[in-house]
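The primary structure of each chain is shown beneath.
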Amino acid sequence: MKMAINFKMYGVVFSILLSLLLSQQTDAAAVISIDFGSEWIKTGIVSPGVPMEIVLNKESKRKTPAVVAFRDEVRTFGEDAVTVGVKFPKNAYKYLLDLLGKPYDHPLVQAYRERFPYYEIVKSERGTPEFVHDEKTRFTPEELVAQQLANSKEFAEISHGQPISECVLTIPGYFNQAERRAMKEAASLAGLNVLQLINDYTAIAINYGIFRRKEINETAWHTLFFDMGSASTKAALVEYKTVKTKEKGYVETVPQLQVIGVGFDRTLGGLEMTLRLREHLIKAWEANGGGDVRASPRAMEKLFREAERVKIVLSANTEHYAQIESLLDDKDFKLQVTRADLEGLCSDLWARVSNVIHRAISSAGGAGAGAKVIVAGGASRVPAVLEALKTAAGVDPHKSINADEAATLGAVYRAASLATGYKVAALNVRDAVLLPIQVVFSRQVDGNEKLEMIRRTLFGPMNPYPQKKVITFNKHTDDFSFNVNYAELDHIPSNELENIGTLNLTQVVLTGVSDALNKNAGDNVENKGIKAHFNMDDSGILNLVNVEFVAEKTVTDDEDTDSTLSKIGSTISKLFGSDSELPDKAEEKSEEQPQEAGKNDTAKANETTTEKQNATEPESKPKPKIVVLKEPVNANEQILNLQPLSPDQFKTSKTKINKLNEIDRKRIERETALNNLEAFVVDVQMKVDMEEYAECGTPEEIEVIKKLCSEVSDWLYDDGYEAETAKFEEKLNAVKEKTNQMFYKHWEHRERPDAIAAIKSVLNNSREFLKSAKNYTKEASPERDVFTDVEISLLEKKIEETKSWVDKSVAEQNALKKNEDIKLTVESIREKITNLDREVKYLLNKLKIWRPKKPKKVENKTETPTESEKTEGQEKPVEEPEKSKEPEKVEVEEEATEIPQLDNEHSEL
């Protein structure tokens, strides 16, 4: 209970803090973060005027099961889908994250098939796994994930009342290039523009760091984040310190977090514990002669759900009973399970926890010794996991963050920093490469006809990103090709290597090389080679930006340095990636070597892209200059691992999802129309039997209403439930047409007393004001002539007219029966109140701005002339202004005239 209270307070503090760290502009659009896990989905949002927060689902819960189900042409998500899955396991799709971006024969796909044998999974045209739902329908993992992402987007749009198109998605840090592309494709199918794919442990580190910005200084400190989720376990060692950055022309010191070490285990998580506990329950059932439970998908799903529940309970208790009613053949199941039983079943898993920690520290080069350990992830609550973590790290783990929501909240902070219209307190984020990438090509060596295979590492293990790199090929004069592959993976455990998949990423074929060289040949021209520009973006996806031939030409002032050729080459180069240029005075090398673009510490490279001055001292002869010549080279890039969705395949998947969305929309419209009709008919049938409503209609009208409602009710319970939406709306309009007058008259009679009381109150206040206003006329007080006699007369006349109208109208209305036409309407009373209030406010405003006139009094006094005046023989009267008294202040306390806001009864209008 104490922990729950702390996390509730944590959420409040988080919102307050982020409202201080984040300023928003009125033109900003809402953006979301989605933490899509194997078992749960959490969504965060930030919108103008609203602090960052977790989006609640329709059950008002902060997380939603990552399940989508289809049954009888009805698509459901979350808890509803879980309910469908218990009865119809084949129809509910779950644990989809590990199927993204993988070929059909991938080890994790085959493990999925063994864990959930009731799914029919086949090989698609792309070679990926595909679920066979029925004879006509199949779903790829990307399509199923896209539907859940769209559902999260819809929750956010409903809760904040505005469309959403941008997001940041969390992914496991061990995702390779194909898996990252697949997640972005799923988001595109969901109608979301991905601002960034952020590694889940990095999002947790952001969430932790924004609370401690004041603690970050030039002295680096480290924190180890341990995250055990449903399907996998990750550990990341993060360094926090301040760095100097040059933004907008000036140097600024900002806090930065950098991932320096990562360890992971793709198959170590809460799911593995649940499956082992389920197997334990199955063996107990079979030992008691319960029957072949493995042959029943429904019974296996019941056991899976119960094993998950018991596992969670055993995290806080030492023993608990697993019990299922009617597990198989109407037989119940009950078994006591202790925490020791669960720990014994998973005894080999605890050593794997230690391995993850050791790999994280080892990949950081031993840095961060004694770092604080922060725990995240739902499965990390298991006591044996915490004990293994403590043993491996050598320190007690801390639970100072919300284990379930830390990644979501860190990702939504990142979303705000990337979106347009939000100004977020600066926090630099530098992630790290887990799977190193190299460029492989062949070339002739020393005139030897035999080709030599050359490998150059492009991004090594733990290299920070986002980052740009350039590799130069300076010994190729004809068309050639090179491959981009994963590099040496010695730091990856052997059991994880098979999960990476194919090591070949892309093949790039360059054409037009010799033409580019010949086009830029000549005197004083030095060949600088073919340069390939790469960019690893914020999402950890590698992109080939462009390929170009670069040469340097030495010219003097009397030569035409601005040739058409150099202008065109420079312009094209800028269009394709001038931001990848290296600084001046780069030292040339004789072999290909990748280099980090734009960094001073890698200036000793093969590419020089800016002009150089050879002479620094003034000389009498013309100064030689170096002009950079650039020529784009055609590059055809072919993906060698899992192919992304083709435009036609994307369109087909999008059309399939849109059809499902349209079916849902029509179903919801029909259900809404049916519910509205049914509720309105029941409401009318109840009210027509009440005297206060029945007396508002004639006996004939009431009889017609009763008969119509009875007919509609009978129709609903017979054939009506199969009707279309338009039919429900037609029936509803027919009933409303017959009942509108009755409900309208009832509303008028109910609201009229309050309206009459309101106008009488206005009349009383107006009389009091009139009485006071008469004291501010010229006749009553010449010094305070605020109002004219005409204005006073007009107000007095308006008051008397209004009073006379009220008395007459009330008398006439009281003489009528309640079922007769209304003579004194509430709207007419409101209009009279408004008219009278307008007259009073006019005079009040005049009184506010009135100022008394300054008296004009001049007195001539003769004073003794000065010596100069005597000399001149003249006497001049001296005019001395009289110190006028302060005008009397008139303080008026305005009494606001309140126009009553009357309640509306929606069903009666």
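Residues numbered from 1 in each chain as written. Predicted model: local features only at pLDDT ≥ 70, side-chain atom pairs only at ≥ 80, totals over all residues. Heavy atoms only, no water.

**Focus: the overall build of the protein chain**
Then comes step 1: A tally of regular secondary structure across the protein chain gives 22 helices and 35 strands.
Then comes step 2: Working note: accessible area of the protein chain is about 46,500 Å², and carbon and sulfur atoms make up 48% of it. (Helix = DSSP H or I, 4+ residues; strand = E, 2+ residues; numbered from the N terminus. Areas by Shrake-Rupley, 256 points an atom, 1.4 Å probe, with all protein chains shown as cover.)

**What to know about the pattern of salt bridges**
Then comes step 1: One pass over the full model with this rule turns up 45 salt bridges.
Then comes step 2: Here D664 ties to R75 by a salt bridge, and the two come within 2.7 Å at their closest N and O atoms. Taken as a pair, D664 in helix 16 (residues 647-687) and R75 in strand 7 (residues 74-77) lie far apart in primary sequence, 589 residues in all.
Then comes step 3: Between R115 and E272 there is a salt bridge, and its shortest N-O distance comes to 3.1 Å. Residue R115 is located in helix 3 (residues 107-115), and its partner E272 is located in helix 7 (residues 270-287); the two are separated by 157 residues in the primary sequence. (Salt bridge = Lys/Arg side-chain N within 4 Å of Asp/Glu carboxyl O.)

**Quick word on unusual backbone geometry**
Then comes step 1: Look at the link from Y465 to P466: it is a cis peptide, with omega at 10°.
Then comes step 2: Mapped onto the elements of the fold, P466 is located in the loop between strand 24 (464-465) and strand 25 (467-473).
Then comes step 3: Phi is positive for E73, close to 60°, though the residue is something other than glycine.
Then comes step 4: In this structure, E73 sits in the loop between strand 6 (68-71) and strand 7.
Then comes step 5: Although it is not a glycine, M462 sits at a positive phi angle of roughly 70°.
Then comes step 6: With respect to the helices, strands and loops of the structure, M462 is situated in the loop between strand 23 (451-459) and strand 24.
Then comes step 7: On the accessibility criterion, M462 (15% relative accessible area) is buried. (Buried < 20%, exposed > 50% of the residue type's maximum accessible area, 1.4 Å probe, protein only.)

**Things to note about the confidence of the model for the protein chain**
Then comes step 1: Mean pLDDT over the protein chain stands at 84; residues scoring 70 or higher make up 83%.
Then comes step 2: The secondary structure element of the protein chain with the lowest average pLDDT is strand 31 (residues 612-613), at 39, and the one with the highest is strand 13 (residues 193-199), at 97.
Then comes step 3: Low confidence marks residues 564-591, where pLDDT is under 50. Its contacts with residues over four positions away, or in another chain, come to 66 contacts.
Then comes step 4: Per-residue pLDDT stays below 50 along residues 866-909; that stretch engages in 58 contacts with residues further than four places along the chain or on separate chains. (pLDDT = per-residue confidence, 0-100. Contact = heavy atoms within 4.5 Å.)

**Some points on the sheet that holds strand 21 (residues 428-432)**
Then comes step 1: Spatially, the six strands line up as an open sheet ordered 19-14-15-16-21-24, and their pairing is mixed. Every other strand in the sheet has two partners, leaving strand 19 (372-376) and strand 24 as the edge strands with one partner each.
Then comes step 2: Sheet topology places strand 14 (residues 221-228) next to strand 15 (residues 233-247); eight bridges connect them, and they run antiparallel. Residue pairing in the sheet places F226 in a bridge with A235 of strand 15.
Then comes step 3: Against the sheet, helix 11 (residues 383-393) engages strand 14 and strand 19, with an angle of about 155° to strand 19. (Pairing = 2+ DSSP bridges. Axes fitted to C-alpha atoms, helices over the stretch in contact; angles between N-to-C directions.)

**Things to note about the nonpolar core**
Then comes step 1: Residues L149, F482, I530 and F534 are the most contacted members of the largest nonpolar core, which totals 133 residues.
Then comes step 2: Ignoring sequence-local partners within four residues, the contact set of L149 consists of I34, F36, L169, A186, A187, A190 and L192.
Then comes step 3: Counting residues in hydrophobic clusters, the runner-up holds 46 residues, among them L224, F226, L237 and V373. (Core = buried A, V, L, I, M, F, W, Y, C linked by side-chain atoms within 4.5 Å.)

**Comments concerning the environment of K771**
Then comes step 1: Turning to its location among the elements, K771 is positioned in helix 19 (residues 725-773).
Then comes step 2: Put simply, K771 and E796 are 25 residues apart on the chain and 9.6 Å apart in space, counted from C-alpha to C-alpha.

**Some points on the sheet that holds strand 27 (residues 504-511)**
Then comes step 1: The strand order across the open sheet formed by five strands is 23-22-26-27-33, and the pairing between neighbours is antiparallel. Across the chains shown, the open sheet's two edge strands, defined by having one partner strand only, are strand 23 and strand 33 (634-639). Geometrically, the sheet is characterised by an average inter-axis angle of 25° between neighbouring strands, direction not taken into account.
Then comes step 2: Bridge analysis of strand 22 (residues 437-444) against strand 26 (residues 480-486) gives five bridges, and the strand direction is antiparallel.

**A look at a negative patch on the surface**
Then comes step 1: A cluster of acidic residues, E711, D714, D718, D719 and E722, forms a negative patch at the surface.
Then comes step 2: The residue E711 is located in helix 18 (residues 699-718) in this model. (Patch = residues over 30% accessible without salt bridge, like charges linked within 9 Å, V, L, I, M, F, W, Y side chains within 5 Å. Lys, Arg positive; Asp, Glu negative; His and termini not counted. Charge placed at Lys NZ, Arg CZ, Asp CG, Glu CD.)

**Notes on the pairing of strand 29 (residues 542-555)**
Side chains on a regular strand alternate between the two faces of the sheet.
Then comes step 1: With respect to burial, strand 29 is a largely interior element, 10 of its 14 residues being buried.
Then comes step 2: Looking at chain direction, strand 28 (residues 525-536) and strand 29 are connected through 10 bridges and run antiparallel. From the neighbouring strand, A532 faces strand 29, where its bridge partner is V547.
Then comes step 3: Where strand 28 folds back on strand 29, the antiparallel hairpin that results is connected by five residues, among which G540 adopts a positive phi of roughly 75°.

**Thoughts on the packing of helix 16 against helix 18**
Then comes step 1: Close contact between helix 16 and helix 18 brings their axes to 10 Å; oriented N to C, the two are set at 140°. The orientation of helix 16 with respect to helix 18, classified from their angle, is oblique. The two elements helix 16 and helix 18 meet at a crossing, and its hand is left-handed. On the side of helix 16, the interface is formed by L674, L677, E678, V681, V684 and Q685, while helix 18 contributes I705, C709, S710, V712, S713, W715, L716 and Y717. (Parallel < 35°, antiparallel > 145°, perpendicular 65-115°, else oblique. Left-handed = near helix turned anticlockwise from the far one by under 90°.)

**Regarding the side chain of K745**
Then comes step 1: Note on placement: K745 falls in helix 19.
Then comes step 2: One buried charge, K745, has no salt-bridge partner; the nearest side chain with opposite charge is D821, at 4.2 Å.
Then comes step 3: At 2.7 Å, the side chain of K745 forms a polar contact with the backbone oxygen of N819.
Then comes step 4: The residues contacting K745, other than those within four sequence positions of it, are C696, K818, N819, E820, D821 and I822. (Polar contact = N/O pair within 3.5 Å; in protein donor to acceptor, adjacent residues only side chain to side chain.)

**A word on helix 21 (residues 826-849)**
Then comes step 1: For helix 21, which comprises 24 residues, the first-to-last C-alpha distance of 35 Å matches the rise-based estimate of 34 Å (1.5 Å per residue) to within 8%.
Then comes step 2: Along helix 21, the positions that sit buried rather than exposed are V826, S828, I829, I833, L836, D837, V840, L843, L844 and L847.
Then comes step 3: Buried positions along helix 21 lie against helix 19 and helix 20 (789-814). (Expected span 1.5 Å × (residues − 1).)

**Some points on helix 6 (residues 200-210)**
Then comes step 1: Across the 11 residues of helix 6, 11 count as buried, placing the element largely inside the fold.
Then comes step 2: Considered for burial, the residues of helix 6 that qualify are D200, Y201, T202, A203, I204, A205, I206, N207, Y208, G209 and I210.

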